[in-house]
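# Inside the fold
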Amino acid sequence: MLHRALFLSSPPMQKEVVLSGIRPTGFLHLGNYFGAMRNYVRMQEEYNCYFFVANWHSLTTHPDTKELQNSVYRVIAENVACGLDPEKVALYVQSDVPEIAELYLYLNMLAYKGELEKTTTFKEKVRLQPENVNAGLLTYPVLMAADILIHRAVKVPVGKDQEQHLEMARNFAERFNHRYGEVFPAPQAFNFGSELVKIMSLDGNGKMSKSENQMATIYLADEDDAVRKKIMKAKTDSGPTEPNAVKPDYIENLFTLMKITSSADTVAKFEHDFNNCVIRYGDMKKQLAEDMVNFIRPIREKAADIQNNKELLAKIIQQGAEKARASASATLQQVRKAINMNY
Ligand code: TRP
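To keep things clear, this report deals only with the structure shown in the data block. This structure is a prediction, so every number in the text was calculated from the model and none was measured. (Residues numbered from 1 in each chain as written. Predicted model: local features only at pLDDT ≥ 70, side-chain atom pairs only at ≥ 80, totals over all residues. Heavy atoms only, no water.)

Between two packed helices, both the angle of their axes relative to each other and the distance between the axes serve to describe the pair. It is the contact of helix H5 (residues 98–108) with helix H15 (residues 310–338), at a shortest axis distance of 9 Å, that shows an interaxial angle of 30°. When the axis of H5 is compared with that of H15, the two are roughly parallel. Crossing of H5 against H15: the hand is left-handed. Within the contact between the two elements, H5 uses Pro98, Glu99, Glu102, Leu103 and Tyr106 and H15 uses Arg325, Ala328, Ser329, Leu332, Val335 and Arg336. Of the residues in the contact of H5 with H15, the class split is 6 nonpolar, 1 polar and 4 charged. (Axes fitted to C-alpha atoms, helices over the stretch in contact; angles between N-to-C directions. Helix = DSSP H or I, 4+ residues; strand = E, 2+ residues; numbered from the N terminus. Parallel < 35°, antiparallel > 145°, perpendicular 65-115°, else oblique. Left-handed = near helix turned anticlockwise from the far one by under 90°. Contact = heavy atoms within 4.5 Å. Nonpolar A, V, L, I, M, F, W, Y, C, P; charged D, E, K, R; others polar.)

This paragraph deals with the pairing of strand S2 (residues 48–53). Residues in a regular strand point their side chains to alternate faces of the sheet. Of all 6 residues that make up S2, 5 are buried, and the element is covered over most of its length. Taken together, the 6 bridges between strand S1 (residues 17–22) and S2 define a ladder with parallel strand orientation. When the bridges of S2 are listed, Leu19 appears paired with Tyr50. Tracing the backbone out of S1, into helix H2 (residues 30–43) and back to the parallel element S2 gives a crossover that is right-handed. (Buried < 20%, exposed > 50% of the residue type's maximum accessible area, 1.4 Å probe, protein only. Pairing = 2+ DSSP bridges. Right-handed = clockwise from strand over helix to strand, strands pointing away.)

Okay, the site of the ligand next. Near the ligand lie 14 residues; those nearest to it are Gly21, Arg23, Tyr140, Asp147 and Gln162. One of the side-chain N or O atoms of Arg23 is found 3.2 Å from an oxygen atom in the ligand. Note that a nitrogen atom of the ligand is positioned 2.7 Å from one of the side-chain N or O atoms of Asp147. When the free accessible area of the ligand is taken as 360 Å², the share hidden by the protein chains comes to 90%. Of all elements in the fold, only S1 and helix H9 (140–149) reach the threshold of two or more residues within the shell around the ligand. Ranked by residues supplied to the shell around the ligand, first place goes to H9 with 4 residues. Looking at the shell around the ligand residue by residue, the classes come out as 8 nonpolar, 4 polar and 2 charged. (Near = heavy atom within 4 Å. Polar contact = N/O pair within 3.5 Å; in protein donor to acceptor, adjacent residues only side chain to side chain. Areas by Shrake-Rupley, 256 points an atom, 1.4 Å probe, with all protein chains shown as cover.)

The next thing to look at is the environment of Ile306. Residue position: Ile306 is located in helix H14 (residues 281–308). In this structure the C-alpha to C-alpha distance between Ile306 and Tyr140, which are 166 residues apart in sequence, comes to 31 Å. Those residues in contact with Ile306 that sit more than four places away from it in its chain are Ala77, Val80, Ala81, Leu312, Leu313 and Ile316.

Listed below in structure tokens is the structure:
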């Protein structure tokens, strides 16, 4: 009895805050889907999720904003088409939340030039765009920290390439807490479930990535024929010469894609053929192409429907902005109080 009373009087369990940002440069592809979006879709039931399009971050590398607007719409539409529910999560555009910019300003006072210059991604960008080494590029990790800390997020689903930024966000949070009082929890990298499927480029050169070889990347917006053509051109070889051989990684990748899109029977058949050295990659790719077309088509069509429905898009974006700003302004109030900026 006593137990029950205690249970009833305790406050409801707060769901942990998950946050991630998506850069709206380039079209989303299968690597994004299996490495990130599908992961987000699984999280939306159990966590208090914030997912946003990082359009301010884009300005650090893409000063031309004409295409940016469409890319933002497309990313929103594609994420909803892949199963993110704007009713369940806050799906918003970064620039709709001015509170992030104010927090960015405060955090900039806690970030040192030396550590920013040492950041791997900064050094890489300096190499890639020596003619445009702007201050926004240098403080990219500070803006990212503001994105995360504005919702006091604790779980941040990111790839390996973002872990250094996340560590910097933890450092800025700690410095803030130390100097002004405890406001921020320490954000941690997070992936839901253990098995994040890694998708390689179809030419066998590293991971499927946004900007490189378009023929080796399957985009969620690809038409049926483009999908077929790309799969048929995927790298193979003359086949295994001994039974139960180890698969080269470009072949392993075709099997990975098949596991994702084809029936278990189909996968088993080609596994068997491979292990017995009778596999015909042409046949395998034909089957994979059809199954992939059937996988991509509904996503592409749904995304296109949403993207063409400006009213719906506007509603989704506004709904997201409202949720994000409610949480952001609550944090900012605490921040201002902590640093005596509340007049
Ligand atoms: N920097 C991330 C990327 O390039 C995008 C991003 C911006 C982000 N702000 C974020 C990711 C906050 C996680 C949390 O992919």
